[in-house]
Each structure stands twice: as structure tokens, then as C-alpha cells.
Amino acid sequence: MKIFVFSQGQQIEQQLSQLELDNCRFIHVTSEDELIEHEAEKSILIVDIDSVKDYGFILASKIAGRSDKRCLLVGITTMDVDPRDTKFDFFLGSFSEIKDRFKEIVCRYDEME
Amino acid sequence: MKWNSVIKTSQYKVAIAILLIGFGSGLFSFLLHESVVKVSGIIGTDKVFSLSTTIVSILFALTSLYLTKFLFKDTNGSGIPQVKLSLVAYKGRMPKRMPLGKFVTSFLTLCSGLSFGKEGPMVTISAAWAHLVSFFLNLNRQLTKVLVTSGATAGLAAAFNTPIAAVVFTIEEVLGQLNTKYLGPIVLTSVLASVTSYKLLGNHATFIPLHYKFHIEWHLILYLGLGLIMSAIGYSLVKMIIFFKRIKQNYFLKIDFVFVILAVLLTALFSLYNPQVLGDGVETINSLLQGHASHFVMGMVILFLIKFVLICTSYSTGLSGGIFMPVLFLGALGGGIYGLCLQKLGINGIEVGAFALLGMTSLLVAVIRTPFTAFVMLFEMTRDYELILPLMISSIAAYWISTRISSESVYESVAEYEGVHLPTQADNECLNDMVVEDCMAKEVLTLDADSYVKDIVDSVRQTDFSGFPVLRNKKLIGVINRAEVLEAFEDEPEKKLHDATKYSVISIYPDQSLLVALDKMKRFEIGRLPVVSRFNDKQLLGLITPEDIVNHLGLSRQSGD
């Protein structure tokens, strides 16, 4: 399972490293271009919204709008943000929440075609 | 107790509206059906035309034409595109004289013997009736849209006694999506309209009940072949309608009454050959469905060609009338001919009536592009569950093939020819896939809230922009439009801009879709939206207008080419 982490920091990887994850490959990306070559692959994209700000939402909308979308979108922010109408499949309010909800995210990933 | 106190809340009002729409639609359907049958019988337009019948028919058709042109505008054609347009562009508003106007003009056209059906007009009459009910109950725009949609459903349900197909048609053609907000009212009005209609007209299927069986599996290939043929016929029919419309436009623009007279004369002439070509042809369809087709293929082919021409000439007159029933007639003939040919080729187990039914479904799909409506409707009309699988196969095959030949239904093609772009599901998908950030203007002329009006009026006059975000310390505090700046300058030039500014800002985020942006502009009746950050709604990122969206789509298309 490929997990892309779109962030300017390391907080997401630090949280996920506390979980025992088999068959997971983490790929840290800092720009949309790095994602293009993988866009046809089934994957999870975790966006650190605190570090990429509005661009995180825009990226999620663009990916969600693709007819061949095969990427589960997870957004994380600790900031006060209006979450209405975002295109994230999961929208988390803290970095530690990713650990608590990771099983749920993987279940949804498995349900995807 | 006063009437107003009884209907004081919107829930009561909606319940009353649903009852009025359902019963009203059923009643309209009954009145239209009975009056057309009775008057057609009296003037003789349901049998071979005599000279006097032809003259009366011309008078009916011309009266309908002039009423449409001068008194009841917007009542031309089937009316279904008008309903779609009113829902998308006019918040469900329809002309208040539409129920009466559409009823009268459709009555006259249907009595004239031209090849029209009553289902399109019934959809329009009921939708317009729903608008009228909503208007009198003083319901808001959102509820009006829901009720107008329900009215359209009720109209079709009452016209054909097909409540399920009417609901499917509304979802598939009128709304273009399944919206649960609409589902309750449209199901209720559909049922009420059907019940009212069959209480008045009798509870019978539109066509005679059938009992064909699907027992030879390899015949599915033959059904696919039928779907292919009907797709080609459907495409030709739409093209021919446009061709006749072009003739009317080029040679009869100022003398359109001559075109109508010619259409009636053609109908009268062909009625001499076979009166079955007149009107909607329910009796002939019933005969074909029972397998009572003529054994002479050539005779049926001639009848098919005549009906094909009559549908094209009638529909291109622009008179008020529907195309559903004539298309079903043509489909039944086409399917019957196909079945008869297979029978003559010696293929076992061919039932001509079953092929007539499948032909109806396939041609309806090829012309209207509503596959689910078609097979549910034909199933409801004939109440033959055994044929549901062949109906599904042939309608999906016809849909798949016809969308590859041409992407537009007859309604869209005719509307495009007349310069109206009807909204399609593809439009919504396209706008939904693009985000505001893609086409917003990032360099925006902003105004400082602490400026005096007299100091900024010249820069406002020098630009083409019609609205401006107003900032204080780089934070968005409001918006002001050009007219408001100029008005403030006239009244009080020494005024500070923040005193003339509106502080309730309707904004949008850069990741939201263009569809949401257009919807907000339409809902709040504003021509521009400030684009702000999700992290700080005072931080202005850009501005978006409908023109930006149109320009962006235009550029996208060029780059796509």
C-alpha cells in the first residue's frame, strides 16, 4: 500500500511510525508534480494542511474531480478552518488522530476499487 | 377559522400544494384526453380527411399557431425543454398563463390530426400548474423548484398512467440527477396524479396488457440488432426534424402559416392512403403489439415512411404538441417490420408483437435518450413483466449506440438549433471537476475602506470592473459595486468608503468547484465572488465572475482542440 504524505514537515511520518505497519510504503512529496506520475495508482494521500495551507484543499479538489480517482484523501489540520464542502475523504483535527483512525482509513482503502 | 391561519406553516402549505398538483394534473389529463377524443370525433380528424375536415383542421392548427405567437408565448413545441430551462435558469418560474395557454394550444393541435402526442404538453401544463399553486401559496424559490419538478412528474404520470416511469423520467431527463430532497414530493404527486387520472378515465394500461415470454436466449442478439437499427432511425428522425425546421426558417419565415397549412394538407393526403397515420396512433400500436401486423412488409414500410415524414413535418411546425407517442408509434412499426422480416427468414420463435414493443423502447431511447424511463414506461404501459430483460437489453443497446452517433437528444438538438443551450449532465460534471482557483482573477483592483469616495471615483470610472472588494489593513471587510460608488459620489463625495460598503460578504474558497461558484452567484443574485482563504476569511486571494468561468471554459476548449 502506497501512502503519499504531502507536507513541509515530518509530523505525519512521526505519528505513523508509532504504528506497526506492514506492507506500507511512505513517499514524502512536496509538490503536485511529484504526484502526477503516481496518479493512476491506488493509494492514500495524507495532506498536512497546516504546512501547505489552502493549496492542500485545492489539491484535494483537483484529485477528487478526476474521473479515474483512485486515491483516498486524508486532510489533517490543527488550525481553525472552515471544513464545509471539502473533498477530503477523511478530515482530521489533530496529528495524533491519524493513529486512532488509521484502521478505519485502511478499511475504506480496501473497499476502493 | 381563517384560511390563512390553517396554512400558516410551510409544511402545511407544501402538503396542500402536493394535493393540488396531483389532483390538478390528473384532472387536466382527463380533460385534455376527453376533449380531444370528443372534438376529433365530431370534426372527423380521426379518420380519412374530407374537404371540410381538412379546412377545419387547418383552422384549428392556425388558431393554435397564432395563439402561440401572440397570446400564449412559450407554449410552442413539446414544452419539456421549457420546463428544464425554467428549473435551471429561472428558479422554477413559469409564465402564469402557461397552464391555460398550453392546454388550449395543445387541444387545438391535437384535434387537428397532426402527428403529436399529449404527454409533452401534459408535463408542461402540470409543471406550470405547480408553479401557479406555489405562487398562490407564497412558497419560496427552493420549494417552488421542488414543486415544479413534481408537477412535471405528475403530468407524465397522468398522461400515460405510468407513475413509476414518470418518477424515473424526472430523475433522468428533467433533473439529470437523483436528489433525495425532490424524491418525496415527486413520488407523491406522481401517485396522486395517476390515481386521479385512472379514477376519471378508468384503470387500464395505456396499451393492451401483453403476455409475451422471453424463452430463447440467443434472441438477445436479435434485440441488439434491433437496438442498432433503431439508433440509426432515431438519428435520422432528429436530423430530418432539424432539416424541416431549416426549410421553415429559410423559406417560410414570414409566412409560417403556409408551412402549417402544408403540414395539414400532407396529413390529409396521407390519411387517404391509410388513416392509421393520424394523431398519436394508439389503436394501431395496440394492433401491432398484439402481433396483428400486416403480412405485407412493403405495406408496413410505406406506413412507416409516411409516419416518419408526418412526425418531422408536424414537429417542425413548432406547434404545441409532444413527440413521445408518435415516436412510440414509429418504433412499433419499425420493430414490427424487423420481426416480420425475421419471421420471413424462417427464424423460429419470433413474435412480431414482442418486437414491436422492443422497437418502441429502442426508438424512444434513441430519440429522447432516457433508457431507464423507456423500459420502465413500456413495462408499465403493457404490464408484461416477462419482457423486462429484452426491454432492458434493447434500450441500453440503443442508448449506447445512439450516444456514439450523436450526443444530443431531440430536445437538445432542436433547442440548440433555436439558439438555446439546455443544461446537460456533462455541463454539471465539467463545472464540478474544475476548481475556483483555476479561473479566478488573482490581480484584483481593491479599494481602501478609509479612502474618501471623491478620491477613488476616477479610478473606478477608468476600469471595466463592476465590483470591488474593500479592504482595511489588507483584510477584506466588504464589497462595493460601481453603481454604489458613483451614487455615493453624487450624494456625498466627502463620505468615507467604509460608510458606503456592504459588510455582509458572500465569498468562496479557492478549492470549491465552479458549479458551487455559479450556484452561489445565482442564489444570492450577485455578479462576483471574492475568493478567500479557508484559514482566514478576511484574506482575499482573488475574485471570480461568471465571465471568468466562461473565458476559462473557452480557453480550455481551445487547448483541448
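Numbers given for residues are sequential positions, taken from 1 along each chain in its written order. Written order determines the labels here, with chains lettered from A and ligands numbered from 1. The model is predicted, so local features are restricted to residues of pLDDT at least 70 and side-chain atom pairs to those at 80 or more, both for listing and for counting; the totals for chains, interfaces and linings are taken over all residues.

1. Describing the overall build of chain B
Stage number 1. The secondary structure listing takes helices from DSSP runs of H or I that are at least 4 residues long and strands from runs of E that are at least 2 residues long, numbered from the N terminus. Assigned secondary structure in chain B consists of 25 helices and five strands.
Stage number 2. For the purpose of contact definition, each residue receives a C-beta atom placed from its backbone, and two residues are in contact when these atoms lie within 7 Å. Here the contacts in chain B between residues at least 6 apart in sequence split such that 77% fall between residues at least 24 apart.

2. Quick word on the sheet that holds strand S2 (residues 25–29) of chain A
Residue and element names in this part refer to chain A.
Stage number 1. The five strands lie next to each other as S2-S1-S3-S4-S5, forming an open sheet whose pairing is parallel. At either margin of the open sheet sits one strand with a lone partner, and together these are S2 and strand S5 (90–92). Neighbour-to-neighbour, the strand axes of this sheet turn through a mean angle of 20°, independent of strand direction.
Stage number 2. Pairing of strand S1 (residues 2–6) with strand S3 (residues 43–48), which is carried by five bridges, proceeds in the parallel orientation. Any two strands between which DSSP finds at least two bridges are classified as paired. Helix axes use the C-alpha atoms of the stretch in contact, all axes being lines fitted to C-alpha atoms, and the angles between their N-to-C directions lie in the range 0 to 180 degrees.

3. Describing the interface of chain A and chain B
Stage number 1. Between chain A and chain B, the residue contacts involve 12 residues of the former and 14 residues of the latter.
Stage number 2. Among the residues making up the side of chain A that touches chain B, the classes are represented as five nonpolar, two polar and five charged. For this classification, the nonpolar set comprises Ala, Val, Leu, Ile, Met, Phe, Trp, Tyr, Cys and Pro, the charged set comprises Asp, Glu, Lys and Arg, and every other residue, Gly included, is treated as polar.

4. Some points on the confidence of the model for chain A
Stage number 1. On average, residues of chain A score 86 in pLDDT, and 98% of them are at 70 or above.
Stage number 2. Looking across chain A, the model is least confident in helix H2 (residues 33–36) of chain A, with a mean pLDDT of 79, and most confident in S3 of chain A, with 92. As a per-residue measure, pLDDT tells how confident the predictor is, with possible values from 0 to 100.

5. What to know about the packing of helix H10 (residues 219–251) of chain B against helix H15 (residues 352–368) of chain B
Residue and element names in this part refer to chain B.
Stage number 1. The contact between H10 and H15 brings their axes to 8 Å, and the two run at 45°. Accordingly, the angle class assigned to the pair H10 and H15 is oblique. H15 is crossed by H10, and the crossing has right-handed handedness. Taken together, the residues of H15 that come into contact with H10 (itself represented by Tyr-223, Leu-226, Gly-227, Met-230, Ser-231, Ile-233, Gly-234, Tyr-235, Leu-237 and Val-238) are Phe-355, Leu-358, Gly-359, Ser-362, Leu-363, Ala-366 and Val-367. Throughout, the term roughly parallel applies to angles under 35 degrees, roughly antiparallel to angles over 145, roughly perpendicular to angles from 65 to 115, and oblique to all others. By convention the crossing between two helices is left-handed if the near helix lies anticlockwise of the far one by an angle smaller than a right angle, and right-handed if it lies clockwise.

6. Digging into the packing of helix H5 (residues 98–111) of chain B against helix H6 (residues 119–136) of chain B
Residue and element names in this part refer to chain B.
Stage number 1. At their nearest, the axes of H5 and H6 sit 8 Å apart, and the two run at 160° to each other. On the basis of the axis angle, H5 is roughly antiparallel to H6. Handedness of the H5/H6 crossing: left-handed. Residues Met-98, Pro-99, Lys-102, Phe-103 and Ser-106 of H5 lie in contact with H6, whose contacting residues are Pro-121, Thr-124, Ile-125, Ala-128, Trp-129 and Leu-132.
Stage number 2. A breakdown of the residues in the contact of H5 with H6 according to their chemical character gives eight nonpolar, two polar and one charged.

7. Here we look at the sheet that holds strand S1 (residues 447–448) of chain B
What holds strands together in a sheet is hydrogen bonding between their backbones, with the strands either parallel or antiparallel.
Residues and elements named next belong to chain B.
Stage number 1. The sheet built from three strands is open, its strands ordered S1-S2-S3 with mixed pairing. The open sheet is flanked by S1 and strand S3 (475–481), the only strands paired with a single partner.
Stage number 2. Alignment of strand S2 (residues 467–472) against S3, held across six bridges, turns out to be antiparallel. Its bridge partner being in S3, Leu-471 is matched across the sheet by Leu-476.
Stage number 3. Docked against the sheet, helix H22 (residues 482–491) engages S2 and S3, running at close to 80° with respect to S3.

8. Concerning the pairing of S2 of chain A
All names here are of chain A.
Stage number 1. Pairing analysis gives five bridges linking S1 to S2, with the strands arranged parallel. Bridge pairing links Val-5 to His-28 in S2.
Stage number 2. Look down the strands so they point away from you; if the path from the first strand over the helix to the second goes clockwise, the crossover is right-handed. For the segment spanning S1, helix H1 (residues 11–16) and S2, crossover handedness is right-handed.

9. Quick look at the pairing of S3 of chain A
All names here are of chain A.
Stage number 1. In terms of burial, S3 is a largely internal element, five of the six residues being buried.
Stage number 2. Two strands pair when backbone bridges link them, and S3 and strand S4 (residues 71–76) are joined in this way by six bridges, in the parallel orientation. Paired with Leu-45 across the bridge in S4 is Leu-73. Put simply, a residue is buried when 20 or more other C-beta atoms lie within 10 Å of its own C-beta and exposed when 12 or fewer do; between those, it is partly exposed, and each C-beta is set from the backbone.

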